[in-house]
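Notes for the structure review
One-letter residues, chain by chain:
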Amino acid sequence: MFLILPLVIIASFFGKIKGGNFIYILCKLWADALLPLIGIFHKNIFETPHDTKRQYVFVANHISYMDIPIILKAVRWQHIRVLGKYETSKIPVFGYIYRNAAVMVDRSNAERRAKSVRQLKSIIQKGISITIFPEGTFNETHQPLKDFFDGAFRIAIETQTPIKPILFLDAYDRLNYKSLFALTPGKSRAVYLEEISVDGLTIKDITLLKNKVHQLMEAKLIEYKASWIQ
C-alpha cells in the first residue's frame, strides 16, 4: 500500500473516472502482490461464459475482511467501482486509497445513502461496472447468506444493467470476521454464476429480482459446501 500510495495521490488529481480507473489498476497490482505473499492463491471459476465487454452490477456474498482484495482478483476485465462502508475509509493509508477507489456509503444517514446511489448510477452511465455486497455487513449467522438490501437491485433495474452474482467460497477460512489476526494461508475461489437479466423489469419487481438472486446464490453456496454453513 505504501508503494502505490504516491501513484494513487497523483491519479486522484485526474478525476473520478480516469483517475479512478487508474487507481483500480494500481489496486489490482496490490492484490496480485499481497495474496501470494501471505500464502493465498486465487482461482476464478466460471459456471457460464463471462462477457468481459458488458457492464454489470456485480453482487457478492460478504463474510470476510479479505473480500476486497479478492474482488480485485475476481473482477479483472471490467473497470469497476465498489460500494464501500464509510467506516473503512478511516483506516490509515488504506482508508485514503479506499476513498479514492470506492463509493462510500454511510448507512446511518438516509441522505448520504441516497447520494451513494446517485453516484453509482452516474458511474454506470459512464460505462463502468459496479460491485455491491447486498448483505450490507458481514454475515455472522452461519446461514449461507443474510437478507439482501434493495439497493443493488434497484440500481440494476433503473439503469437496465444485468446482475452478475459472484460467490467467495474461501474468504471466511482465509480471514474471518472474528479477528484481523485470523489469517490462514490457502486457496481462494470466486465462482461466477449465470447472468441475471433485468430487461423489462420495473421498480415493482425489486423484491422478485432480489429473491431470485438470493435463492440462486444460497443454493450454490450450499452446493459448493461453503465452510461457514451449519
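Criteria and cut-off values
Residues numbered from 1 in each chain as written. Predicted model: local features only at pLDDT ≥ 70, side-chain atom pairs only at ≥ 80, totals over all residues. Heavy atoms only, no water. Helix = DSSP H or I, 4+ residues; strand = E, 2+ residues; numbered from the N terminus. Contact = heavy atoms within 4.5 Å. Axes fitted to C-alpha atoms, helices over the stretch in contact; angles between N-to-C directions. Parallel < 35°, antiparallel > 145°, perpendicular 65-115°, else oblique. Left-handed = near helix turned anticlockwise from the far one by under 90°. Nonpolar A, V, L, I, M, F, W, Y, C, P; charged D, E, K, R; others polar. Salt bridge = Lys/Arg side-chain N within 4 Å of Asp/Glu carboxyl O. Buried < 20%, exposed > 50% of the residue type's maximum accessible area, 1.4 Å probe, protein only.

**Considerations on the environment of lysine 28**
One can find lysine 28 in helix α2 (residues 15–37). Measuring from C-alpha to C-alpha, the distance between lysine 28 and lysine 73 comes to 6.7 Å, with 45 residues separating the pair along the chain. With residues near it in sequence (within four places) discarded, lysine 28 still touches Leu72, Val75, Arg76, Trp77 and Gln78.

**What to know about the packing of helix α6 (residues 151–159) against helix α8 (residues 206–223)**
Two packed helices can be described by the angle between their axes and the distance between those axes. Running from N to C, α6 and α8 cross one another at 120 degrees; their axes reach a closest spacing of 9 Å. Classified by the interaxial angle, the pair formed by α6 and α8 is oblique. Considering the relative orientation of α6 and α8, their crossing is right-handed. Here α6 contributes Phe153, Arg154 and Ile157 to the contact with α8, which in turn contributes Ile206, Leu209, Lys210 and Val213. Here the contact of α6 with α8 is built from residues that sort into five nonpolar, no polar and two charged.

**Side note on the pattern of salt bridges**
All told, the structure shown has nine salt bridges when counted by the stated rule. Linking arginine 189 and aspartate 170 is a salt bridge whose minimum nitrogen-to-oxygen distance equals 2.9 Å. A residue pair is termed long-range when its members are at least 10 positions apart, and arginine 189 in strand β7 (residues 186–192) and aspartate 170 in the loop between β6 (163–168) and α7 (171–174) qualify at 19 residues. The exposure class assigned to aspartate 170 is buried, which follows from its relative accessible area of 3%. The network of salt bridges with common partners includes Asp32, Lys73 and Arg76.

**Digging into unusual backbone geometry**
In this structure, histidine 142 takes a positive phi of about 65 degrees despite not being glycine. If you check the backbone angles, lysine 225 has positive phi at about 55 degrees while not being a glycine. Taking the relative accessible area as the measure of exposure, lysine 225 reaches 70% and is therefore exposed.

**Brief notes about α6**
Here α6 has its buried residues at Ala152, Phe153, Ile155, Ala156, Ile157 and Thr159. At the C-terminal side of α6, glutamine 160 shows a positive phi close to 50 degrees.

That's the geometry; what it means functionally is another story.
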